[in-house]
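Observations on the model geometry
This is what each chain is made of:
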Amino acid sequence: GGIITQTPKFLIGQEGQKLTLKCQQNFNHDTMYWYRQDSGKGLRLIYYSITENDLQKGDLSEGYDASREKKSSFSLTVTSAQKNEMAVFLCASGTGGPSYEQYFGPGTRLTVL
Amino acid sequence: QQQVRQSPQSLTVWEGETAILNCSYENSAFDYFPWYQQFPGEGPALLISILSVSDKKEDGRFTIFFNKREKKLSLHIADSQPGDSATYFCAIDMGYKLTFGTGTSLLVDP
């Protein structure tokens, strides 16, 4: 089996601050994902990466940057945190093939003061 | 943007009852429909999935019913247990990425 590690678990920032969330996976999966989860709104895709050095925008990419430094790691940057923004950011990885499964990390909870 | 709708938003059943969670989607043809289960403080995990060539998929107490013509799915949880209390998301496979519904929060009362 494998595991997805997200750091930090809790992130508190100031309005306008640039904040970075990190994700590591040891499944050796090609594809990685960043989702935002707001209460009552399900999971919305921010960015995904099909392979190392690839980046694809999801439905919610505005205000975010991403970086796939190597196959096992995928970072997300909130370019300018918005006040009262509170959400859980979930990282996932998968094979990306037909009928594939995505494996999720435990999430990073962001609070902006 | 492909829409995936789930109902009800929340559901409470007694232990031993069958919980029924609904999902529908719009347009296009999709082949793979997974359901994910999420407990508080954790990321979602794949629970059960179905391919469009099937109209039913069983895995223990969990069953997916799929009506391709109406673009509807339902997840039936038989003999519900308190440990099944979680949020359930259906999703559609859009090739390399999934689009998730907004989820159904299930509470099983003992």
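Shown above is the structure to which this text applies.
Parameters and conventions
- Residues numbered from 1 in each chain as written.
- Chains lettered and ligands numbered in written order.
- Predicted model: local features only at pLDDT ≥ 70, side-chain atom pairs only at ≥ 80, totals over all residues.
- Heavy atoms only, no water.
- Salt bridge = Lys/Arg side-chain N within 4 Å of Asp/Glu carboxyl O.
- Buried < 20%, exposed > 50% of the residue type's maximum accessible area, 1.4 Å probe, protein only.
- Helix = DSSP H or I, 4+ residues; strand = E, 2+ residues; numbered from the N terminus.
- Polar contact = N/O pair within 3.5 Å; in protein donor to acceptor, adjacent residues only side chain to side chain.
- Contact = heavy atoms within 4.5 Å.

Considerations on the pattern of salt bridges
Residues and elements named next belong to chain A. Counted by the stated rule, this structure contains 8 salt bridges over all chains. Asp38 serves as the salt-bridge partner of Arg36, at 2.7 Å between the closest nitrogen and oxygen. For Arg44, the salt bridge identified is with Asp38, shortest N-O distance 2.9 Å. Relative accessible area serves as the criterion here: at 11%, Asp38 is assigned to the buried category. Linked through salt bridges whose partners overlap, the residues forming this network are Arg36, Asp38 and Arg44.

Quick look at the side chain of Ser85 of chain B
Residue and element names in this part refer to chain B. Inspection of the secondary structure assignment puts Ser85 in the loop between strand E8 (72-77) and strand E9 (86-93). A residue is classified by how much of its surface remains accessible, and Ser85, at 19% relative accessible area, is buried. A distance of 3.0 Å separates a polar side-chain atom of Ser85 from the backbone oxygen of Pro82. Of the polar contacts made by the side chain of Ser85, one reaches the backbone nitrogen of Val108; its length is 2.9 Å. Those residues within four positions of Ser85 in sequence are excluded, and the remaining contacts are Phe39, Leu106, Leu107 and Val108.

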